[in-house]
Amino acid sequence: MRSANPVLDRLDDVGRTERQVLGAGAADTMTVADVVSRTVGLLLLTGVTAAVAWVLVPQAAWISAALAGSALASLALVLVISLKQLTNPPLIVGYAVLQGLLLGVASRAFELVYPGIVAQAVIGTFGVFLGMALLYRARLIRATPRLARLVVGTLIGIVAIGLVNLVTYLFTGRQGVEVYSLSARVGWLPYLFSVVAIIAGALSFVLDFDLVERSARNGLPRRYAWFCAFGLLVGLIFLYWQILRLLSYVRR
């Protein structure tokens, strides 16, 4: 069973290889508590950075360039860390700081147009996350191969369509399944796209929880707790953006 989260997708292969090289018990192994503590720490760091950016970064003409730069830097870090399976805390902390900057400035822009929307999006994001954790804990939703195929396929489609939509918007100004303007009218298709993205993002946490539990049970080295926490942070930020965008559609 693989995770629907591309960051966590190859953890099983990593654990198997390291156990073969090092031998059972040769390394200090991670626990679920290790992943939880690091995830909470990264979330706090992201939140504090977002709050500082919200207060200190002015809404100036150059802010769009700053947002684009931090978004590209964040994407580069995601690709480097996930593809190379890096467990370097400074790199992962750097990603949290960059995302905090991006979240703080962009969220403030949404808040200026739609007062109260950021608090709603934060509550919605953590509500969905905790709800999926409770459902997984109670085994009301199980990480099955069928669920994995469905969620993985859906998320790949969402990312691909979103990229095509973004490129089309940059070159033609047309907005399709995702509406980037904070004041443009929204048809039924962006609503549907956002709802599907939120559902897929929520279900991906079930597969992530299962993979983290199995990785801990199978003796993955403790340093990979940072990598698991990074993957969960990426999933939470994805979910926040989708909920924020959907709320902005509803508020128009």
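Residues numbered from 1 in each chain as written. Predicted model: local features only at pLDDT ≥ 70, side-chain atom pairs only at ≥ 80, totals over all residues. Heavy atoms only, no water.

You'll find the protein entered in an unreviewed UniProt entry as Bax inhibitor-1/YccA family protein, with Micromonospora halotolerans given as the organism.

Could you give an account of helix H2 (residues 32-56), with specific residues and numbers?
End to end, H2 covers 36 Å across 25 residues, agreeing with the expected 36 Å (1.5 Å per residue, within 8%). Those residues of H2 that fall on the buried side of the exposure criterion are Asp-34, Val-35, Arg-38, Thr-39, Leu-42, Thr-46, Thr-49, Ala-50 and Ala-53. Packing partners of the buried residues in H2 comprise helix H4 (89-113), helix H7 (188-217) and helix H8 (224-250). (Helix = DSSP H or I, 4+ residues; strand = E, 2+ residues; numbered from the N terminus. Expected span 1.5 Å × (residues − 1). Buried < 20%, exposed > 50% of the residue type's maximum accessible area, 1.4 Å probe, protein only. Contact = heavy atoms within 4.5 Å.)

Describe the packing of H4 against H8, listing the residues and the values that go with them.
Each pair of packed helices can be summarised by the angle the axes make with each other and by the distance between the axes. Interhelical geometry of H4 versus H8 gives an angle of 10° and a closest axis separation of 11 Å. As far as their axial angle goes, H8 and H4 are roughly parallel. Each of Pro-89, Ile-92, Tyr-95, Ala-96, Gln-99, Leu-102, Leu-103, Ala-106, Ser-107 and Phe-110 in H4 lies in contact with H8, whose residues at this interface are Trp-226, Phe-227, Phe-230, Leu-233, Val-234, Ile-237, Tyr-240, Trp-241, Leu-244 and Ser-248. Among the residues forming the contact of H4 with H8, the class breakdown is 17 nonpolar, three polar and no charged. (Axes fitted to C-alpha atoms, helices over the stretch in contact; angles between N-to-C directions. Parallel < 35°, antiparallel > 145°, perpendicular 65-115°, else oblique. Nonpolar A, V, L, I, M, F, W, Y, C, P; charged D, E, K, R; others polar.)

So what's going on with the environment of Val-159? Which residues, and what values?
In this fold, Val-159 is placed in helix H6 (residues 145-172). For Val-159, a relative accessible area of 48% corresponds to the partly exposed category. The sequence separation of Val-159 and Ala-197 amounts to 38 residues, and the corresponding C-alpha distance is 9.3 Å.

Please provide a residue-by-residue account of the environment of Gln-242, values included.
Among the structural elements, Gln-242 can be located in helix H8. Since its relative accessible area comes to 5%, Gln-242 is described here as buried. When the C-alpha positions of Gln-242 and Ser-194 are compared, they lie 6.0 Å apart, and in sequence the two are 48 residues distant. Other than its neighbours up to four places away in sequence, Gln-242 contacts Ala-197 and Ile-198.

How would you sum up the side chain of Ser-194? Please name residues and give values.
Within the secondary structure layout, Ser-194 lies in helix H7. Once residues lying within four places of it in the same chain are set aside, the contact partners of Ser-194 are Arg-245, Leu-246 and Tyr-249.

Any chance you could break down unusual backbone geometry for me, citing the residues and the numbers?
Not every positive phi belongs to a glycine, and Arg-139 is a case in point at roughly 60°. Structurally, the position occupied by Arg-139 is in the loop between helix H5 (117-137) and H6. By relative accessible area, Arg-139 is classed as partly exposed at 33%.

Report on the UniProt feature "transmembrane region" (unreviewed entry) in the protein, specifying residues and quantitative values.
Cross-referencing UniProt, the feature "transmembrane region" (unreviewed entry) maps to residues 40-57, 63-83, 90-110, 116-135, 147-171, 191-212 and 224-243 in the present numbering. The straight-line gap between the two end C-alpha atoms of residues 90-110 is 30 Å; of that span, 100% is helix and 0% is strand. A distance of 28 Å separates the end C-alpha atoms of residues 116-135, which is 95% helix and 0% strand. (UniProt positions renumbered as here; feature names shortened; annotations may be inferred.)

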